[in-house]
Amino acid sequence: MTQVVPLEIDSIAAGGDGVARRNGLVVFVPRTAPGDLVTARVSGKGSFARGMLRSVTRPSPDRVDPPCQHYTRDRCGGCQLQHVSYDGQLKAKQRIIRDAIERIGKRGIVLPHVHPSPVEWRYRAKLTLAIRRNARGGWIAGLHPYDDPSRVFALEDCPITDRTIIAVWREVLSQASLLPESPSLRGSVRIWPAGASFVLAGGTRFKGGSQLFELVPSLSVMWWEDDSGLRRLIGDRRTQDERQTPVASFTQVNPLVASELFGFVEERIIARSPASLIDAYAGAGEMASRMALRGVRVTAIELDADASAWSASRLPEGSAAVCARVEDILVDVLPADVVVLNPPRAGVDERVCAALEAQSVRPRSLIYVSCNPATLARDLTRLPSYHIDSVTGFDMFPQTAHVETVCELVPA
């Protein structure tokens, strides 16, 4: 049954939707803010329902006009909270972290502090877009509406992304006739100190790849990943020294907040005075190399071969970089005084938790860096022998519902 009803929004859910309650029904309404009184078209069964915003009867004090035309005109799903003041966003993320840990992780915590981003706009150092044919047979690159993931709208600008990236994307699209034939493609532009990189994914043949690279002089390096997943280097203008850095590997999109988070984790490690450290999901080994230079014996575990090789080249004798899945190798490299876990959004494999639980001598500190409070909370249920020492948030992704969380655990 569908009906239009008045609702008062009381919080923001993990995905960014406003949450209201009516006659025992929990209703999720996108593009609403805590304190809004709205009318919404509601449909659903059981105790949960989806609502589509019809009108705002009384706006929340935290409601603001979103500056991005795509957010309103195209219902862009890239951001979820542009209509909420920045202070309101930080408050929402405090609750998102706490609610996940209490509801899923079954651990009680106070509202954590969330460190704000120094900049709320133009912070993204990487932008991934879907590339599709338009009705006239040309190519467009853009994002998906939040309520229609099958559709792609042409992106004109993205105000959370560095302008240099937008300019590079325009250069690439000016040569779109050279793209491989495919029903759909995906591309990522990333900037780094020595220039811009482009990774194109999709297609079985890319005859125009070298020509496209030559015609986009702002690119320092370009890769193509075909439909089978094989990645090929298309062009490279980097110096020999620059080529040692694994620019195609994972990196945080907000460099300023990433630096602050990195420093915070470093402080927490040092506070435990470790002789040994396992840096799991170590990336290019920045943390591992810093700790090794302090005399800590480090084992850096990373699946990405390029990143692991770069990490190995920076570690002194006595420390090591291991190219492997964390769940496959962790039991062999434990014990350690401190273990850092920095997994992708899916969280850690349950075998990682099992290995940590099985240790007779447990780490002094287990520092879990998470970009998904829900999977962090799930993994906490798999670590009953540890209790929470602290939880701290970092707003890596302003204007979105995503938040980075550092949870430090100690043996119970």
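Relevant structure appears above.
Quick look at the structure, then. None of the values given here were measured: they were computed from a predicted structure.

## Observations regarding the sheet that holds strand S13 (residues 231–236)
Then step 1. Reading across from one edge, S9-S8-S7-S10-S11-S12-S13 is the order of the seven strands in this open sheet, with mixed pairing throughout. Edge positions in the sheet fall to strand S9 (153–154) and S13, since each has one partner strand and no second.
Then step 2. With six bridges joining them, strand S7 (residues 126–133) and strand S10 (residues 185–192) adopt antiparallel strand pairing. Looking at S10, one finds that Leu-129 is bridged to Gly-187.

## Side note on the pattern of salt bridges
Then step 1. Considering all chains together, one arrives at 26 salt bridges under this definition.
Then step 2. Across the pair Arg-238 and Asp-236 runs a salt bridge whose closest N-O atoms are separated by 2.8 Å.
Then step 3. Within the structure, one salt-bridge network assembled from shared partners comprises Glu-266, Glu-286, Arg-290, Arg-294 and Arg-314.

## Quick notes on the packing of helix H8 (residues 326–333) against helix H9 (residues 350–358)
Then step 1. At a minimum axis distance of 8 Å, the contact between H8 and H9 shows a crossing angle of 10°. One way to sum up the angle between H8 and H9 is to call them roughly parallel. In contact with Val-326, Glu-327, Asp-328, Leu-330 and Val-331 of H8, H9 contributes Arg-351, Val-352, Ala-355 and Leu-356.
Then step 2. For the contact of H8 with H9, the residue count by class is six nonpolar, no polar and three charged.

## Focus: the packing of helix H2 (residues 86–103) against helix H10 (residues 373–381)
Then step 1. It is the contact of H2 with H10, at a shortest axis distance of 8 Å, that shows an interaxial angle of 30°. Between H2 and H10, the angle falls in the class roughly parallel. Our pair here, H2 against H10, has a crossing hand that is right-handed. Of the residues in H10, those touching H2 at Ile-96, Ile-97, Ala-100 and Ile-101 are Pro-373, Ala-374, Leu-376, Ala-377 and Leu-380.
Then step 2. Along the lines of polarity and charge, the residues of the contact of H2 with H10 split into nine nonpolar, no polar and no charged.

## Topic: unusual backbone geometry
Keep in mind that most residues, glycine aside, have a negative phi and that most peptide bonds are trans.
Then step 1. For the bond from Leu-334 to Pro-335, the omega torsion is 5°, close enough to zero to count as cis.
Then step 2. Of note in this structure, Arg-75 is not a glycine but carries a positive phi near 55°.
Then step 3. Counting through the fold element by element, Arg-75 comes out in the loop between helix H1 (69–73) and H2.
Then step 4. In the Ramachandran plot, Lys-106 falls in the positive-phi region, its phi being about 60° despite a non-glycine side chain.
Then step 5. Within the secondary structure, Lys-106 sits in the loop between H2 and strand S6 (114–115).
Then step 6. Assessed through its relative accessible area of 65%, Lys-106 is described here as exposed.

## Some words on the side chain of Thr-405
Then step 1. Structurally, Thr-405 can be placed in strand S20 (residues 404–411).
Then step 2. Overall, the relative accessible area of 0% leaves Thr-405 in the buried class.

## Observations concerning the pairing of strand S11 (residues 195–201)
Then step 1. The buried count for S11 comes to six of seven residues, which makes it a mostly enclosed element.
Then step 2. Relative to S11, S10 runs antiparallel, the two being bridged by seven bridges. For Arg-186, the partnering residue across the bridge sits in S11 and is Ala-201.
Then step 3. In this antiparallel pair of consecutive strands, S10 and S11, the connection spans two residues.
Then step 4. Of the strand pairs in this sheet, S11 and strand S12 (residues 219–225) are connected by six bridges, and their pairing is parallel. Following the sheet pairing, Phe-198 is matched in S12 by Met-222.
Then step 5. Crossover S11 to S12 through helix H4 (residues 209–215) is right-handed.

## Focus on helix H5 (residues 255–271)
Then step 1. The terminal C-alpha atoms of H5 lie 24 Å apart, and with 17 residues this matches the ideal 24 Å at 1.5 Å per residue to within 8%.
Then step 2. Those residues of H5 not exposed but buried are Val-257, Ala-258, Leu-261, Phe-262, Phe-264, Val-265, Glu-266 and Ile-269.
Then step 3. Of the surrounding secondary structure, the elements contacted by the buried residues of H5 are strand S14 (276–280), helix H6 (286–293), strand S17 (338–341), strand S18 (365–370), strand S19 (386–394) and S20.
Then step 4. Positive phi shows up at Ser-273, right after H5, with a value of about 45°.

## Overview of the packing of aromatic side chains
Then step 1. Counted according to the given criterion, the structure contains four aromatic pairs.
Then step 2. Centroid distance Trp-169 to Phe-198: 5.5 Å. Interplanar angle 80°. Geometry classified as edge-to-face. In this pair, Trp-169 is assigned in helix H3 (residues 163–173) and Phe-198 in strand S11, connecting sequence segments 29 residues apart.
Then step 3. With relative accessibility at 3%, the residue Trp-169 sits in the buried group.
Then step 4. Ring geometry for Phe-206 against Trp-224: centres 5.7 Å apart, planes inclined by 70°, an arrangement best described as edge-to-face. Of this pair, Phe-206 sits in the loop between S11 and H4 while Trp-224 sits in strand S12, and the two are 18 residues apart along the sequence. Summarising the burial analysis for this pair, Phe-206 and Trp-224 share the class buried.
Then step 5. We note Arg-237 situated over the ring of Phe-213; from NZ or CZ to the ring centre the distance is 4.0 Å.

## Side note on the sheet that holds S14
Then step 1. Strand order across the open sheet formed by eight strands is S6-S19-S20-S18-S17-S14-S15-S16, with mixed pairing between neighbours. On the outer flanks of this sheet lie S6 and strand S16 (320–323), each paired with one strand and no other.
Then step 2. Across four bridges, strand S15 (residues 297–302) lies against S16 in parallel orientation. Directly across from Ala-300, in S16, lies its bridge partner Ala-321.
Then step 3. Of the strands in this sheet, S14, S15 and S16 touch H8, which is tilted by about 160° from S15.

Conventions used here
- Residues numbered from 1 in each chain as written.
- Predicted model: local features only at pLDDT ≥ 70, side-chain atom pairs only at ≥ 80, totals over all residues.
- Heavy atoms only, no water.
- Pairing = 2+ DSSP bridges.
- Helix = DSSP H or I, 4+ residues; strand = E, 2+ residues; numbered from the N terminus.
- Salt bridge = Lys/Arg side-chain N within 4 Å of Asp/Glu carboxyl O.
- Axes fitted to C-alpha atoms, helices over the stretch in contact; angles between N-to-C directions.
- Parallel < 35°, antiparallel > 145°, perpendicular 65-115°, else oblique.
- Contact = heavy atoms within 4.5 Å.
- Nonpolar A, V, L, I, M, F, W, Y, C, P; charged D, E, K, R; others polar.
- Left-handed = near helix turned anticlockwise from the far one by under 90°.
- Buried < 20%, exposed > 50% of the residue type's maximum accessible area, 1.4 Å probe, protein only.
- Right-handed = clockwise from strand over helix to strand, strands pointing away.
- Expected span 1.5 Å × (residues − 1).
- Phe/Tyr/Trp six-rings, centres within 6.5 Å; stacked < 30°, edge-to-face > 60°.
- Lys NZ or Arg CZ within 6 Å of the ring centre and 35° of its normal.

Remember that the coordinates give geometry; whether it matters functionally is a separate question.
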